[in-house]
Structures are given as structure tokens and as C-alpha cells.
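Coordinate analysis (summary)
Read off the chains here:
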Amino acid sequence: MTLSKGRLAGKVSVITGAGSGIGRSMALLFAAEGARVVCADRSGQQDEVAAEIGDAAVAVHCDVSSAAEVRAMIETAERTFGRLDVLCNNAGFGGPRKPIVEQDESTFDDVVAVNLKGVFLGMKYGIGAMLRTGGGSVVNTASAAGLVGWKHHSVYSAAKGGVVQMTKSAALDYAKEGVRVNAICPGNTYTGLAGATREDPEPPPGTRMPVQPMDRWGLPSELAAAALFLASDESSFVTGTALPVDGGYVAR
Ligand code: NAD
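Residues numbered from 1 in each chain as written. Predicted model: local features only at pLDDT ≥ 70, side-chain atom pairs only at ≥ 80, totals over all residues. Heavy atoms only, no water.

Another aspect to go through is the overall build of the protein. Within the protein, the secondary structure is distributed over six helices and seven strands. The N-to-C order of helical and strand elements in the protein reads β-α-β-α-β-α-β-α-β-α-β-α-β. In summary, the protein has a C-alpha radius of gyration of 17 Å against a globular reference of 18 Å for 252 residues, a match within 12%. Along the first, second and third principal axes, the C-alpha atoms of the protein reach 45 × 40 × 35 Å. Here the protein holds 252 residues, and 49% of them are scored as buried. (Helix = DSSP H or I, 4+ residues; strand = E, 2+ residues; numbered from the N terminus. Rg over C-alpha atoms; globule rule 2.2 N^0.38 Å. Buried < 20%, exposed > 50% of the residue type's maximum accessible area, 1.4 Å probe, protein only.)

Written as C-alpha cells, this is what we have:
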């Protein structure tokens, strides 16, 4: 896919989960489109991504389930680049696949702390920063599993469903104040979770994904492209939407 350049020229962005997969792809694409990027992750891999981008990026260690660390991440964007225009609350993980009776209470706490509370904290501190400079765009990474049920992933589905509803409600909170809030809902996407590596980022030729009507994995670049639209001024009249980017998964 060829996209015009400069769609985020002059904008300052923060991306969580930027060390890998969809978040890494967002960071590289946003930088290519003119944004300055705070690459945040708890893995350490955010350092490599920021180095790959160069002067337009800084790396921040941040566990999105920690209010203090999320606040510090947003302050880094303001201190380093002067403002915050775009926030992608993308960090997340699925947790073990088991029926609900076999899910541990500690799993519930961890999955909700990262996938749902992490998005809450990002919006709490990130939207505060956007309001100080006249507005911005938030793009939350929910999931197709936040729109339809996903067998053996009840806790993750609940957390992502929560992200969808928090996105819609926060969009209403700030609709008149220049802050737009939207979500992308990935279907099965070929990232580290699925076996992708830096050396081998795409699924082997012929790999099928019959559960998705397009019968293939999504690619991180396809999710990043959808996030770019929602982050940029091209979506200036779009707020409160949860956009499936899923090869038709939730349309079945
Ligand atoms: P990934 O594992 O490649 O990347 C996720 C990144 O988030 C990792 O770098 C990880 O270190 C980071 N992270 C996890 N917990 C964190 C925390 N507490 N604080 C900071 N960083 C943390 O996976 P991905 O597929 O790129 O996932 C990105 C987002 O997309 C997640 O929210 C995930 O739930 C969502 N998603 C993915 C798929 C898929 O099929 N890959 C489908 C639907 C939704």
C-alpha cells in the first residue's frame, strides 16, 4: 500500500506497546508520516525502535498498568517535544486460553490491569495533556474480541469490550473540546504472539486463517494504516468509533 507522506507532520505522538508488533509498526509509520514519536513499552525493545527512527523518537520504559509510569510517559512527550497530539493506547496481551472456570483470579487482575486500566490511565493523563494545547486524537487498540465473543478468552474479551465502551464514552466527554477518541479492533494479526520475528515478519506463503473471511492473517502494517487514519486530521469528523480491521471476522 502506498500512502502520501506527511499526514502527521508537526504532530507529537505517544505509542504504548511500541517495542513489537502493531505498536512498532505504528511507530515506524507515524515517524515516516512526519510525527515525533515517544516509543513506550515495558519490554526494553522500545529502545531499538526509537533508535531505528532516530532523532524524531525517544524511548520510554513504561508499564501501562502503573499510574506513575503512565504519567511520566506523558510528561516525557511534553518535556521532550513540547506537546501531545496523538496517543495510541496499544499495549496489551491475551492471557491464557482457557474456559472461564479454569481462569485464575490473578490472570483476571493482570489482563484487566494492562488491557483496560492501562487504556484508562493513558486517557486520563494523555487527554489532560491534549487539552492543554487545544486538542488531539486518541487511538485505542481494542480487539475483534471486544466486539464479538471469543471462546476461551472471556477475560481478555471483557477487557477489550471495556476498551470499546470506554472509547465511546470518553469521545462524548471531549467531543466539543477538540479531542477525538477512537479504537481499532484487530482480528488475528501476525505479530510476535503468532510467531512473527524481526527476521521473519510475515506468515509463510500459503498460510491460511479460515476463521477470517479473507482467509489470511492481518499484518501489523495494516493495523498501523488504520491507526494513522484515525490519528490524522483526515478523520477530523470521526469520534467514538470502534473500527474492525479484521479481514471480515466480525461481519460473519
Ligand atoms: P505484541 O506482543 O507483538 O506487542 C504488544 C506489546 O505490548 C509488546 O511489546 C509488550 O511488551 C507490550 N506490553 C504488554 N504489556 C505491557 C505493559 N503492561 N506495559 C507496556 N507495554 C506492554 O502484540 P500485538 O499483537 O502487536 O498487540 C498489540 C495490541 O493489539 C494489544 O493490545 C493486543 O491485545 C491487540 N490485539 C492483537 C491481536 C493479534 O492478533 N495480534 C488481535 C487483537 C488485538
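After that view of the structure, there is still more to cover.
Our focus in this paragraph is the nonpolar core. Ranked by size, the top nonpolar core spans 33 residues in total, and within it Val14, Cys62, Met73, Leu84, Met123, Val138 and Val181 carry the most contacts. With seven residues, the top contributor of residues to this core is helix α4 (residues 105-132). Excluding residues within four positions of it along the chain, Val14 makes contact with Val38, Met73, Ala77, Leu84, Val86, Leu87 and Cys88. (Core = buried A, V, L, I, M, F, W, Y, C linked by side-chain atoms within 4.5 Å. Contact = heavy atoms within 4.5 Å.)

By the definition in use, this model includes zero disulfides. Here Cys39 is not disulfide-linked; the sulfur of Cys88 is the nearest cysteine sulfur, at 11 Å. Unpaired in this structure, Cys185 has its nearest cysteine sulfur neighbour in Cys88, at a distance of 14 Å. The exposure class assigned to Cys185 is buried, which follows from its relative accessible area of 0%. (Disulfide = S-S within 2.5 Å.)

A word on the packing of helix α1 (residues 21-32) against helix α6 (residues 220-231). Where α1 meets α6, the closest approach of the two axes is 8 Å, and the angle between their N-to-C directions is 55°. Classed by the angle they form, the pair α1 and α6 counts as oblique. Note that α1 runs across α6; the crossing there is right-handed. Between α1 and α6, the contacting residues are Gly21, Ile22, Ser25, Met26, Leu29 and Phe30 on the first element and Pro220, Ser221, Leu223, Ala224, Ala225, Ala227, Leu228 and Ala231 on the second. For the contact of α1 with α6, the residue count by class is eleven nonpolar, three polar and no charged. (Axes fitted to C-alpha atoms, helices over the stretch in contact; angles between N-to-C directions. Parallel < 35°, antiparallel > 145°, perpendicular 65-115°, else oblique. Left-handed = near helix turned anticlockwise from the far one by under 90°. Nonpolar A, V, L, I, M, F, W, Y, C, P; charged D, E, K, R; others polar.)

Looking at the ligand, there are 26 residues lining it, with Ser20, Asp41, Asn90, Tyr156 and Thr189 nearest. At 2.8 Å from an oxygen atom of the ligand is found a main-chain nitrogen or oxygen belonging to Ile22. Asn90 is positioned with one of its backbone polar atoms (N or O) 2.8 Å from an oxygen atom of the ligand. Protein contact buries 92% of the 820 Å² of open area that the ligand shows by itself. Residue assignment for the shell around the ligand shows that the elements contributing at least two residues are α1 and α5 (154-173). Residues that form the shell around the ligand fall into these classes: nine nonpolar, 13 polar and four charged. (Near = heavy atom within 4 Å. Polar contact = N/O pair within 3.5 Å; in protein donor to acceptor, adjacent residues only side chain to side chain. Areas by Shrake-Rupley, 256 points an atom, 1.4 Å probe, with all protein chains shown as cover.)

Turning next to the pairing of strand β4 (residues 86-89). Residues Val86 and Cys88 of β4 are buried on one face, and the alternating residues Leu87 and Asn89, pointing to the opposite face, are buried as well. When strand β1 (residues 12-16) meets β4, the two strands line up parallel, connected through three bridges. Bridge assignment links Ile15 to a residue of β4, and that residue is Cys88. Here four bridges tie β4 to strand β5 (residues 136-141), and the two strands are oriented parallel to one another. By the bridge assignment, Cys88 is partnered in β5 with Val139. (Pairing = 2+ DSSP bridges.)

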